[in-house]
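# Residue-level structural notes
Each chain, written out:
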Amino acid sequence: MAGQKAEAEKYYLRAIQLEPTKGNSYMHYGKLLLHATCITSSPRPEEAAVMAEEAAALDGGEFRRGLQRRAHAQASLNEAAERQYERAASLRPDYPAALMNLGAILHLNGKLPEAEAKYLRALQLKPDDAITRSNLRKLWNIMERQGLRTTASQANT
């Protein structure tokens, strides 16, 4: 499934390149980004909002404006959640669940090195946590695809 979504992303970008004045391509690409869990393991609401804005500017329409509002709302919710998880982790800095949750929202918000640090700290406190280990493996896959150094890759050099 991830390969199909990545291929779809490639085609949407090509369609935008070929016909940059057609809002429909921006709108569909924005929808893909908003629900992009199979492409990058996390939605990309900020990018989806940009695509929705472009689609609305080119074609207008209530649907496109609705997509734009949803993308901005999701980005806003993720930022608010990050602040709350930061607060929770600061209140209990040695509580693995708080660190894992903070790592997860940082991961979703695209703050990959910060997410890695929180996941690793959570695993120091609770080494057998399968969910945190799984999240960390997913994060490392994304980081490696983006050319970012991971703690795992640094240990192997």
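Our structure is the block above this text.
These lines cover the structure that appears in this document, whether it is placed above or below. (Residues numbered from 1 in each chain as written. Predicted model: local features only at pLDDT ≥ 70, side-chain atom pairs only at ≥ 80, totals over all residues. Heavy atoms only, no water.)

### Brief notes about the side chain of Glu 116
Looking at where Glu 116 falls in the secondary structure, it is placed in helix α7 (residues 112-125). Buried charge Glu 116 goes without a salt bridge, the closest partner of opposite sign being Arg 149 at 9.3 Å. With near-sequence residues (within four places) excluded, Glu 116 lies in contact with Leu 136, Leu 139, Trp 140, Met 143, Arg 149, Thr 150, Thr 151 and Ala 152. (Helix = DSSP H or I, 4+ residues; strand = E, 2+ residues; numbered from the N terminus. Buried < 20%, exposed > 50% of the residue type's maximum accessible area, 1.4 Å probe, protein only. Lys, Arg positive; Asp, Glu negative; His and termini not counted. Salt bridge = Lys/Arg side-chain N within 4 Å of Asp/Glu carboxyl O. Contact = heavy atoms within 4.5 Å.)

### Describing the packing of aromatic side chains
Tallied over the full model, the rule gives one aromatic pair. Between Tyr 12 and Tyr 29, the ring centres sit 6.2 Å apart and the planes meet at 40 degrees, which makes this aromatic pair tilted. Of this pair, Tyr 12 sits in helix α1 (residues 2-18) while Tyr 29 sits in helix α2 (residues 23-34), and the two are 17 residues apart along the sequence. The ring of Tyr 11 carries Lys 10 above its face, with NZ or CZ at 5.5 Å from the centroid. Between Arg 92 and the ring centre of Tyr 95, over which it is positioned, the NZ or CZ distance is 4.1 Å. (Phe/Tyr/Trp six-rings, centres within 6.5 Å; stacked < 30°, edge-to-face > 60°. Lys NZ or Arg CZ within 6 Å of the ring centre and 35° of its normal.)

### What to know about α2
In a regular helix each residue adds 1.5 Å, so twelve residues correspond to 16 Å; α2 covers 16 Å between its end C-alpha atoms and thus fits that length. Most of α2 sits inside the fold, with nine of its twelve residues counted as buried. Within α2, the full set of buried residues consists of Gly 23, Ser 25, Tyr 26, Met 27, Tyr 29, Gly 30, Leu 32, Leu 33 and Leu 34. (Expected span 1.5 Å × (residues − 1).)

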